[in-house]
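Observations on the three-dimensional arrangement
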Amino acid sequence: MSGSLLLTACGGGGESEEPAANELYKNPVTLTWWHNASQDGPGKTYWTKVAKDFSAAHPTVTIEIEAIETNQLQRTRLPAALLTSDPPDIFQAWGGGEIREQVEADYLKDITDQVKTEVANIGSASEIWQVDGKQYGLPFRMGIEGIWYNKDMFAQAGIAAPPTTFDELNDAVTKLKAINVVPIALGAGDKWPAAHWWYNFALRACSVDVLKKASIDLTFDDPCFVKAGDDLKTFIGTDPFQKNFIATPGQNDPTSANGLLANGKAAMELMGDWNKGTLETVAQDPAKLTKFLGWFPVPAISGSAGDPKAALGGGDGYACAKNAPAECVEFLKYIVSPEVQKAYAQTGVGLPVAKGAESGVEDPALKSILDATSSATYVQLWLDTAYGSTVGNAMNDAIVAIFAGKGSPQQVVDAMKSAARK
């Protein structure tokens, strides 16, 4: 990974003090585990295997899994569960501002002393799951996002190579429309897939120093944030997306944005490194998908203030509830062990974080993302995660209003500033 990464007994039971190591696995314990691999496919299958393997090695531990769609998990189910006396023991944690909010609310277990070896192996990516130098979770996946595309459609449209600038991307959109192909699939119905376009325009319009300051201080006074909205409006004006994109879901079924790409009904989709796995779950012919699928980094914008080799990225991780039993931390350590990480990489659903697991990355597109992540000069954590849920939700809502023709670039910034004051 890039060293410049800036970069989430029964449930809730157990004692807050950790038992001695020789006390682990002596008494029956049930861990409740919430993750977002909700669709049948390689990711969901693999996590089930991981839980079974851990329980086989530690017969006193039973793991009960609940797989929940990302939006429901992150925005609804998990926040509500953390308010109760019986939250899940181990759950998806996206790091950044979100994990800081959870720590400030006293929801999470401090695992600093137990995971020093794992943190050293993972490297700088683990910092996203730290608050004030203490570790509250660990990532299992990390990578930058980019544009997944149909190589066959590009060839049919006469697009010789993946675009490296937005001028070239606009030209590709024009060529694809000329052969009656939807250039870009967009799932604005889930808000965040649309918001990520604004995030990337902000990455191109703002300097690295401005982005770093905004993530720490939640200050959005630099005019580059308004420019991001102006650039987005200009891009929307080229009509690059499918009809009714404002109501299209992002992923997880054939009618979603990634379903359009997976089944040859659109040529491109902006999405993270996990997209390979979700595309396979909705593809009518996964073998055909593998043959035509490619990936390229988000293009640069000529003359922009942002670093053209900077990238937007992030990962998925897990954290343990504050009063989860000690076995929760042991299971988390198992998830990020090099052997488990290598097998995770071999599923093709995402990029591993543990050193020694890179050889498990076999898919050509994922190898491209791994290389691009390593060579990025700066990786900015997803903005809604970096800024925390209060600012992030307000920002995403205001961005989607631009896509719906009901908002303005200034209103996005105003919404962010207002939320930051709360």
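All figures in this text were calculated on a predicted structure; none of them were measured in a lab. (Residues numbered from 1 in each chain as written. Predicted model: local features only at pLDDT ≥ 70, side-chain atom pairs only at ≥ 80, totals over all residues. Heavy atoms only, no water.)

**Details of the overall build of the protein**
- Along the backbone of the protein there are 18 helices and 11 strands.
- In terms of C-alpha radius of gyration, the protein reaches 21 Å, essentially the compact-globule figure of 22 Å for 422 residues.
- Each principal axis of the C-alpha distribution contributes one length, and for the protein these read about 65 × 50 × 35 Å.
- Per-residue burial for the protein yields a buried fraction of 57% across its 422 residues.
- When the accessible surface of the protein is totalled, it reaches about 16600 Å², and 50% of it is carbon and sulfur.
- Between the mean site of the 35 positive side-chain charges and the mean site of the 50 negative ones, the protein shows a separation of 4 Å. (Helix = DSSP H or I, 4+ residues; strand = E, 2+ residues; numbered from the N terminus. Rg over C-alpha atoms; globule rule 2.2 N^0.38 Å. Buried < 20%, exposed > 50% of the residue type's maximum accessible area, 1.4 Å probe, protein only. Areas by Shrake-Rupley, 256 points an atom, 1.4 Å probe, with all protein chains shown as cover. Lys, Arg positive; Asp, Glu negative; His and termini not counted. Charge placed at Lys NZ, Arg CZ, Asp CG, Glu CD.)

**Some thoughts on the environment of Asp414**
- By secondary structure assignment, the location of Asp414 is in helix H18 (residues 409-420).
- Placed 19 residues apart in sequence, Asp414 and Met395 show a C-alpha to C-alpha distance of 8.9 Å.

**Some points on the side chain of Gln242**
- Within the secondary structure layout, Gln242 lies in the loop between helix H9 (224-236) and helix H10 (257-262).
- Gln242 has contacts with Val182, Ile184, Ala185, Leu186, Thr248 and Leu260, leaving out every residue within four places of it along the chain. (Contact = heavy atoms within 4.5 Å.)

**Details of helix H13 (residues 326-335)**
- The element H13 is extensively covered by neighbouring structure, given that 8 of its 10 residues are classed as buried.
- Of the residues making up H13, those classed as buried are Ala326, Glu327, Cys328, Val329, Phe331, Leu332, Lys333 and Ile335.

**A short note on the layout of surface pockets**
- Roughly 320 Å³ of volume is contained in the second largest pocket.
- As for the second largest pocket, its lining consists of 20 residues, and the residues nearest its centre are Arg204, Pro297, Val298, Pro308 and Lys309.
- Contributing elements (two or more residues each) for the lining of the second largest pocket: helix H7 (192-205), strand S9 (293-297), strand S10 (310-320) and helix H15 (364-375).
- With 3 residues, the single largest contributor to the lining of the second largest pocket is S10.
- Its residues placed into classes, the lining of the second largest pocket shows 14 nonpolar, 3 polar and 3 charged. (1 Å grid on protein atoms, 1.4 Å probe; cavity = no way out; pocket = protein on both sides within 12 Å on 5 of 7 lines; lining within 4 Å. Points joined across faces, edges and corners; volume = space filled by probe spheres on them. Nonpolar A, V, L, I, M, F, W, Y, C, P; charged D, E, K, R; others polar.)

**Focus: the packing of aromatic side chains**
- This model, assessed by the stated rule, comprises 31 aromatic pairs.
- Taken together, a centroid distance of 5.6 Å and an interplanar angle of 70° make the contact between Trp33 and Trp47 edge-to-face. Pair noted here: Trp33 is in strand S1 (residues 29-35) and Trp47 is in helix H1 (residues 42-57), with a separation of 14 residues, a long-range link.
- Relative to Phe296, the ring of Phe154 lies with its centre 6.4 Å away and its plane at 55°, an arrangement referred to as tilted. Of this pair, Phe154 sits in helix H5 (residues 151-156) while Phe296 sits in strand S9; the two residues are 142 residues apart in sequence, bridging distant segments of the chain. Assigned by exposure class, Phe154 and Phe296 land together as buried.
- An aromatic cluster of at least three residues, connected via ring pairs, comprises Tyr25, Trp33, Tyr46, Trp47, Phe54, Phe140, Tyr318, Phe331, Tyr334 and Tyr344.
- The positively charged end of Arg77 is found above the aromatic ring belonging to Trp34, 4.8 Å away from the centroid. (Phe/Tyr/Trp six-rings, centres within 6.5 Å; stacked < 30°, edge-to-face > 60°. Lys NZ or Arg CZ within 6 Å of the ring centre and 35° of its normal.)

**Some points on the packing of H1 against H13**
- Packing of H1 against H13 leaves a shortest axis separation of 11 Å and a crossing angle of 125°. As summarised for this structure, H1 and H13 are arranged oblique, according to the angle between their axes. For the crossing formed where H1 meets H13, the hand is right-handed. Contacts between H1 and H13 involve Trp47, Val50, Ala51, Asp53 and Phe54 on the former and, on the latter, Glu327, Glu330, Phe331, Tyr334 and Ile335.
- Classifying every residue of the contact of H1 with H13 by side-chain character gives 7 nonpolar, no polar and 3 charged. (Axes fitted to C-alpha atoms, helices over the stretch in contact; angles between N-to-C directions. Parallel < 35°, antiparallel > 145°, perpendicular 65-115°, else oblique. Left-handed = near helix turned anticlockwise from the far one by under 90°.)

**Looking at empty space enclosed by the protein**
- Its volume calculated, the largest cavity comes out at about 560 Å³.
- Lining the largest cavity are 33 residues, with Asn36, Thr70, Gln251, Trp274 and Asp316 positioned closest to its centre.
- At the level of elements, H1, helix H2 (70-82), strand S6 (138-144), H7, helix H11 (275-282), S10 and helix H16 (383-386) are the ones that each hand at least two residues to the lining of the largest cavity.
- Partitioning the lining of the largest cavity into residue classes produces 10 nonpolar, 17 polar and 6 charged.
- Each pocket or cavity is described by its volume, and for the second largest cavity that value is around 30 Å³.
- As for the second largest cavity, its lining consists of Ala185, Leu186, Gly187, Pro193, Trp197, Ala257, Glu269, Leu270 and Met271.
- Here the lining of the second largest cavity is built from residues that sort into 7 nonpolar, 1 polar and 1 charged.

**Considerations on the confidence of the model for the protein**
- Model confidence for the protein is summarised by a mean pLDDT of 92, while 95% of its residues fall at 70 or above.
- Every residue in residues 1-17 is under pLDDT 50, and counting partners more than four places away or in other chains gives 65 contacts. (pLDDT = per-residue confidence, 0-100.)

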